[in-house]
Amino acid sequence: MRALTLAGVLLFLLGAALALVLGPLSWLAALRWTGLVLIVAAGLRGGSLTYWIFFSMLLGGEIGLDRPQLAEHLRVLSDIFLRLIKVIVAPLILGTLVTGIAGHGSLRRVGRIGLKSLVYFEVVTTLALFIGVGAINISRAGEGLTMSVTPGVAAAQNAEPMRWEDFLLHIFPENIAKSIAENQILQVAVFALLFGIALALLPEAKREPMLKFCESLSATMFSFTNLVMYFAPVGVGAAIAYTIGHMGIGVLLPLGKLLFTGYAALTAFLLLVLLPIAMLARISLPKFLRAVAEPATIAFATSTSEAALPRAMEAMEAFGVPRRIVAFVIPAGYSFNLDGSSVYLALASVFVAQAAGMHMTWSQQLVMVFTLMLTSKGVAGVPRATLVVLLATASIFHLPTEPMFIILGIDALMDMARTAVNVIGNCLACAVIARSEAELQENA
């Protein structure tokens, strides 16, 4: 099975690489389809859900290349998948977090986990920012770039940077029904945290009925997630098909150096930061990689962290992290531990200065890193979030905004990788915090 899968993948990648050089030729399409057939043949012998999601990504890419008009119409399938996932997120967080606080352990332990999580988040995201700055200074991808403004500039320029006080206010819900309807993860988490604390302070007779309801809600939403995951290959494949069909594979060429720098920086972050952390925390890498493979793949294909959140929570609980830690760390991490986004924001900010012909000293870049450490915490749940943060950075450091919109041409492709790294980083944070509490039992 492995040999057949490897042969199929190699044939597909060979056909895709030659298409970039030689153009869309029929024999290259036949080569790629042969590869896909081999992958299907191997999968019929016992392929997992993750296997079929991977296959659907390749199939979606092929449909996007061969039938871009059809691929445009497939977006509805990916939107259906995202809607089915998003409807799970708020009830799942509400049920698991309330159960974790009110049903297990003391309130002092919850506070200790929260403090450890926030310290961990700040250290790791700061390292991510430094890696982003270092990568763009090495590649100098912005130097000598011919600027041309992409469509959508006018709409993006109207986006107002989110101030720190606005983000702080945005954390607290004014109406829990509204927060759930708008899928405001952090607001739901704050409500669940306070609700769980209040429930824990009640006498057992009054606490028990609500606790049982929340436990039942959590179990139901995990079961709901398992049902929705059967549709994941279709939704993921449709998302990839739409991206390739809408943008075309040629979008890689003009900004290939920046795209390569971004992927190299994210890879360096995984190897130089997350890998040593996992080793120091004595996390079993093979088991952890198997646990995060599916949520990371979903995040990569959909470019949406929310799409991977329910599966990530379920995977880390199966990995051996207690539910109360999973329920606290992952929702908080979606606002405070966006490692991939941090790498990208640092890289993109210096790229803007390079593209505009501005020279930033190391001291200026250092100040920018610590500014981004604060402003990047407002990324979660904000439309055009990275662009909003970049605009805020540009206004603070007097950078021109026009080069910023060049990045929009490949932002969708950059977003895929940084979203996957966000998910991997949050899953690892769960395991590290559990290990620090001596509660990690690796079951995967």
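Residues numbered from 1 in each chain as written. Predicted model: local features only at pLDDT ≥ 70, side-chain atom pairs only at ≥ 80, totals over all residues. Heavy atoms only, no water.

How would you explain the overall build of the chain if you had to name every residue and give the values?
When you go through the chain residue by residue, the secondary structure sums to 20 helices and zero strands. By residue count, 54% of the 444 residues in the chain fall in the buried class. Pairs at least 24 apart in sequence give 84% of the contacts found in the chain among residues at least 6 apart. For the chain, the accessible surface area stands at approximately 19600 Å², while carbon and sulfur atoms represent 67% of it. (Helix = DSSP H or I, 4+ residues; strand = E, 2+ residues; numbered from the N terminus. Buried < 20%, exposed > 50% of the residue type's maximum accessible area, 1.4 Å probe, protein only. Contact = heavy atoms within 4.5 Å. Areas by Shrake-Rupley, 256 points an atom, 1.4 Å probe, with all protein chains shown as cover.)

Pulling in residues and values, what's your account of the packing of helix H1 (residues 2–22) against helix H3 (residues 49–66)?
At a minimum axis separation of 12 Å, H1 and H3 run at an interaxial angle of 20 degrees. Taken together, the axes of H1 and H3 are roughly parallel relative to one another. Viewed along their axes, H1 and H3 form a crossing whose handedness is left-handed. Mapping the contact onto sequence places Thr5, Val9 and Phe12 in H1 and Tyr51, Phe54, Leu58 and Glu62 in H3. The class makeup of the residues in the contact of H1 with H3 is five nonpolar, one polar and one charged. (Axes fitted to C-alpha atoms, helices over the stretch in contact; angles between N-to-C directions. Parallel < 35°, antiparallel > 145°, perpendicular 65-115°, else oblique. Left-handed = near helix turned anticlockwise from the far one by under 90°. Nonpolar A, V, L, I, M, F, W, Y, C, P; charged D, E, K, R; others polar.)

An account of H3 is requested, with residue identities and associated values reported.
Relative to the 26 Å expected for 18 residues at 1.5 Å per residue, H3 spans 25 Å between its end C-alpha atoms, a close match to the ideal helical length. Among all positions in H3, only Tyr51, Ile53, Phe55, Ser56, Met57, Leu58, Gly60, Gly61, Glu62, Ile63 and Gly64 are buried. (Expected span 1.5 Å × (residues − 1).)

Residue-level account of unusual backbone geometry, with values.
Unusually for a residue other than glycine, Arg140 sits at a positive phi of about 50 degrees. Within the secondary structure, Arg140 is located in the loop between helix H6 (107–139) and helix H7 (153–157). Here Arg140 falls in the partly exposed class, since its relative accessible area comes to 39%. Even without being glycine, Arg282 reaches a positive phi, approximately 60 degrees. Along the chain, the position of Arg282 falls in the loop between helix H13 (256–280) and helix H14 (285–302). Among the residues examined, Arg282 registers a relative accessible area of 58% and is labelled exposed.

Could you give me a rundown of the packing of aromatic side chains, with the residues and numbers involved?
A full pass over the atoms with the stated rule returns five aromatic pairs. Ring pairing ties together the aromatic residues Tyr51, Trp52 and Phe55, which thus form one cluster. The ring centre of Tyr344 lies 4.0 Å from the NZ or CZ of Arg418, which sits over that ring. (Phe/Tyr/Trp six-rings, centres within 6.5 Å; stacked < 30°, edge-to-face > 60°. Lys NZ or Arg CZ within 6 Å of the ring centre and 35° of its normal.)

Tell me about the pattern of salt bridges, residues and numbers included.
Considering all chains together, one arrives at ten salt bridges under this definition. Close ionic contact of Glu439 with Arg324 constitutes a salt bridge, the shortest N to O distance being 2.4 Å. Linking Glu439 in the segment after helix H20 (411–436) with Arg324 in helix H16 (residues 323–336), this pair joins segments that are 115 residues apart in sequence. Grouping residues by exposure puts Glu439 and Arg324 together as buried. (Salt bridge = Lys/Arg side-chain N within 4 Å of Asp/Glu carboxyl O.)

Which residues make up the state of the cysteines, and what values do they have?
Within the structure shown, the criterion is met by zero disulfides. Here Cys427 stays free of any disulfide, with the sulfur of Cys430 as its closest cysteine sulfur at 6.7 Å. (Disulfide = S-S within 2.5 Å.)

Residue-level account of H1, with values.
Compared with an ideal rise of 1.5 Å per residue, which puts 21 residues at 30 Å, H1 spans 30 Å between its outermost C-alpha atoms and is within 8% of the ideal. Looking one or two places after H1, you find Gly23, whose phi comes out positive at around 95 degrees.

Account for the side chain of Asp339, with residues named and values stated.
The topology assignment puts Asp339 in helix H17 (residues 339–355). Non-local contacts of Asp339, meaning those with residues more than four positions away in its chain, are made with Val124, Thr125, Ala128, Phe269, Leu274, Val421, Asn422 and Gly425.

Can you explain a nonpolar patch on the surface? Please cite residues and give values.
A cluster of nonpolar residues, Leu20, Val21, Leu22, Leu25 and Trp27, forms a patch on the protein surface that exposes about 490 Å² of accessible area. Counting residues per element, the nonpolar patch draws most heavily on H1, at three residues. Along the chain, the position of Leu22 falls in helix H1. (Patch = residues over 30% accessible without salt bridge, like charges linked within 9 Å, V, L, I, M, F, W, Y side chains within 5 Å.)

Talk me through the packing of H13 against H17; I want residue IDs and the actual numbers.
The N-to-C vectors of H13 and H17 enclose an angle of 135 degrees; their axes lie 10 Å apart at closest approach. With respect to each other, H13 and H17 are oriented oblique. The interaxial crossing formed by H13 with H17 has right-handed handedness. Between H13, through Leu258, Thr261, Gly262, Ala265, Leu266, Phe269 and Leu274, and H17, the contact on the second element is made entirely by Asp339, Gly340, Val343, Leu347 and Phe351. Its residues assigned to classes, the contact of H13 with H17 comprises eight nonpolar, three polar and one charged.

Give a detailed account of the environment of Met229, specifying residues and quantitative values.
Along the chain, the position of Met229 falls in helix H11 (residues 204–229). According to the relative accessible area criterion, Met229 is buried, its value standing at 1%. For the pair Met229 and Ile85, spaced 144 residues apart in sequence, the C-alpha separation works out to 8.8 Å. Excluding anything up to four places from it in sequence, Met229 contacts Leu49, Phe81, Ile85, Glu294, Ile298 and Arg311.

How would you summarise the side chain of Ser342 if you had to cite specific residues and measurements?
Considering the arrangement of structural elements, one finds Ser342 in helix H17. A residue is classified by how much of its surface remains accessible, and Ser342, at 3% relative accessible area, is buried. A distance of 2.9 Å separates a polar side-chain atom of Ser342 from the backbone oxygen of Leu338. (Polar contact = N/O pair within 3.5 Å; in protein donor to acceptor, adjacent residues only side chain to side chain.)

How would you sum up the confidence of the model for the chain? Please name residues and give values.
For the chain, mean pLDDT is 80; residues scoring 70 or higher make up 83% of the total. Looking at the elements of the chain, mean pLDDT is at its lowest for H7, recorded as 42, and at its highest for H13, recorded as 92. The low-confidence segment residues 146–159 (pLDDT under 50) makes 20 contacts with residues lying over four places distant or belonging to another chain. Predicted confidence is poor over residues 380–384, with pLDDT under 50, and the contacts of this stretch with residues over four places away or in other chains come to ten contacts. (pLDDT = per-residue confidence, 0-100.)

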